[in-house]
Amino acid sequence: MKVLVTVKEVAELADDFEVEGTEVDDRYLEYDLNEWDDYAVEEGVQMNEEGIADEVVTVTIGPERSEETIRMALAKGADRSIRVWDESFEDVDLLDIEAKAQIFSAVVAEEEPDVVLTGVQAGDDAFGATGVALADAIDFEWAAVVNALDMDADEGVAHVRRELEGGVEELTDVELPAVLTIQTGINEPRYASLRGIRQAQSKEIAPKTLDDLGLNADTLESDLTLTDMYEPESESDAEIFEGDAGETAGKLAEVLREKGVAE
């Protein structure tokens, strides 16, 4: 069984930053593996360790800079990676769901995985729709917001538990091949070991252009336009109590009495 995991490098803002037009300058940004994708990688690696999966491949859409982040997924146990990028992406302000789905669909066509794992959402744009859109594009069965997974490779079925709205959970079986979007908390992502980091340096990261995947720049055209970016204003100020536990508890009790919450 082959597992394909979509991963994304996301930017994290420094405590103090400045917005310039519709961008935040790189000097205020730090890059890391998307939190939800970290859980998806771990799920794939565990399947490999249990003998369920023969190979775990990650795929990302990102510039050469993102290879440092991809190496961390390899260091945690993924076997090889694919990175999709060319100059067509450089003038794109916002890569929408349809474009991502088309790109990942082309990779799926080449790799022919039995299972595709994605994070539920990304920490930057938070669309939360890439996995489901991909499943629709490639006509795979799917389950979203999966927080428990038991893979039966012999039967070709994934037994999943997934979150629904209102705190309800659903137990269901999904026939393979399938796309599963992975929720945080499904496992405990491992730290990359020193040995894993060294081994990751020799693992393959295959660069792919749109042309390599049979696509072109038209794939990146979108009806979405990024028109503005700003830091939201705070509606209220936070008050920080200083002192030991007794002093801060007393101050908090006083505030609660003033607000009518406590007598």
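Residues numbered from 1 in each chain as written. Predicted model: local features only at pLDDT ≥ 70, side-chain atom pairs only at ≥ 80, totals over all residues. Heavy atoms only, no water.

As recorded in an unreviewed UniProt entry, the chain goes by the name Electron transfer flavoprotein subunit beta/FixA family protein, listed as coming from Haladaptatus pallidirubidus. Taken verbatim from the UniProt record of the chain, the Sequence similarities (unreviewed entry) comment is "Belongs to the ETF beta-subunit/FixA family." (UniProt positions renumbered as here; feature names shortened; annotations may be inferred.)

Just checking my understanding: could you explain the overall build of the chain for this structure?
A count of helical and extended segments in the chain gives six helices and 13 strands. Along the longest, intermediate and shortest principal axes, the C-alpha atoms of the chain span 65 × 45 × 40 Å. Summing over all exposed atoms, the chain offers an accessible surface of approximately 15300 Å²; the carbon and sulfur share of this is 43%. In the chain, which carries 19 positive and 69 negative side-chain charges, the distance between the mean positions of the two groups comes to 7 Å. (Helix = DSSP H or I, 4+ residues; strand = E, 2+ residues; numbered from the N terminus. Areas by Shrake-Rupley, 256 points an atom, 1.4 Å probe, with all protein chains shown as cover. Lys, Arg positive; Asp, Glu negative; His and termini not counted. Charge placed at Lys NZ, Arg CZ, Asp CG, Glu CD.)

Explain the environment of Val 84 to me, please; I cannot follow it from the model alone.
Looking at where Val 84 falls in the secondary structure, it is placed in strand β7 (residues 80-84). For the pair Val 84 and Lys 208, spaced 124 residues apart in sequence, the C-alpha separation works out to 4.7 Å. Every residue in contact with Val 84, bar those within four places of it in the chain, is listed here: Val 59, Thr 60, Ile 61, Gly 62, Phe 89, Ile 103, Val 107, Lys 208 and Leu 213. (Contact = heavy atoms within 4.5 Å.)

Looking at this structure, I do not really get the packing of helix α3 (residues 97-111) against helix α4 (residues 130-138). What am I missing?
In a packed pair of helices, the relevant descriptors are the angle between the two axes and the axis-to-axis distance. Relative orientation of the contacting elements α3 and α4 amounts to 55°, with a least axis distance of 9 Å. In terms of axis orientation, α3 runs oblique to α4. Where α3 crosses over α4, the two elements pack in a sense that is right-handed. Along its contact with α3, which presents Ile 97, Lys 100, Ala 101, Phe 104, Ser 105 and Val 108, the element α4 presents Thr 130, Ala 133, Leu 134, Ala 137 and Ile 138. (Axes fitted to C-alpha atoms, helices over the stretch in contact; angles between N-to-C directions. Parallel < 35°, antiparallel > 145°, perpendicular 65-115°, else oblique. Left-handed = near helix turned anticlockwise from the far one by under 90°.)

Please explain the side chain of Lys 100 as it appears in this structure.
Locating Lys 100 in the fold gives a position in helix α3. A polar contact of 3.1 Å, which involves the side chain of Lys 100, links it to the side chain of Asp 125. Excluding anything up to four places from it in sequence, Lys 100 contacts Lys 8, Ile 61, Leu 95, Asp 125, Phe 127 and Thr 130. (Polar contact = N/O pair within 3.5 Å; in protein donor to acceptor, adjacent residues only side chain to side chain.)

Hey, could you run me through the UniProt feature "domain: Electron transfer flavoprotein alpha/beta-subunit N-terminal" (unreviewed entry) in the chain in this one?
Sequence positions flagged by UniProt for "domain: Electron transfer flavoprotein alpha/beta-subunit N-terminal" (unreviewed entry) are, in local numbering, residues 21-217. Helix and strand shares over residues 21-217 are 28% and 30% respectively, and the end C-alpha atoms of the span are 25 Å apart.

Sorry, what's going on with the sheet that holds strand β6 (residues 55-61) here?
Adjacent strands of a sheet pair through backbone hydrogen bonds, lying either parallel or antiparallel. Strand order in the open sheet made by the nine strands is β11-β10-β9-β12-β8-β1-β6-β7-β13, with mixed pairing throughout. Where the open sheet ends on each side, the last strands, each with one partner, are β11 (169-175) and β13 (205-208). Ignoring strand direction, the axes of neighbouring strands in this sheet form an average angle of 35°. Of the strands in this sheet, β1 (2-6), β6, β7, β8 (115-119) and β13 touch α3, which is tilted by about 150° from β6. Contacting β8, β9 (141-152) and β12 (178-182), α4 crosses the sheet at an angle of about 175° to β12. (Pairing = 2+ DSSP bridges.)

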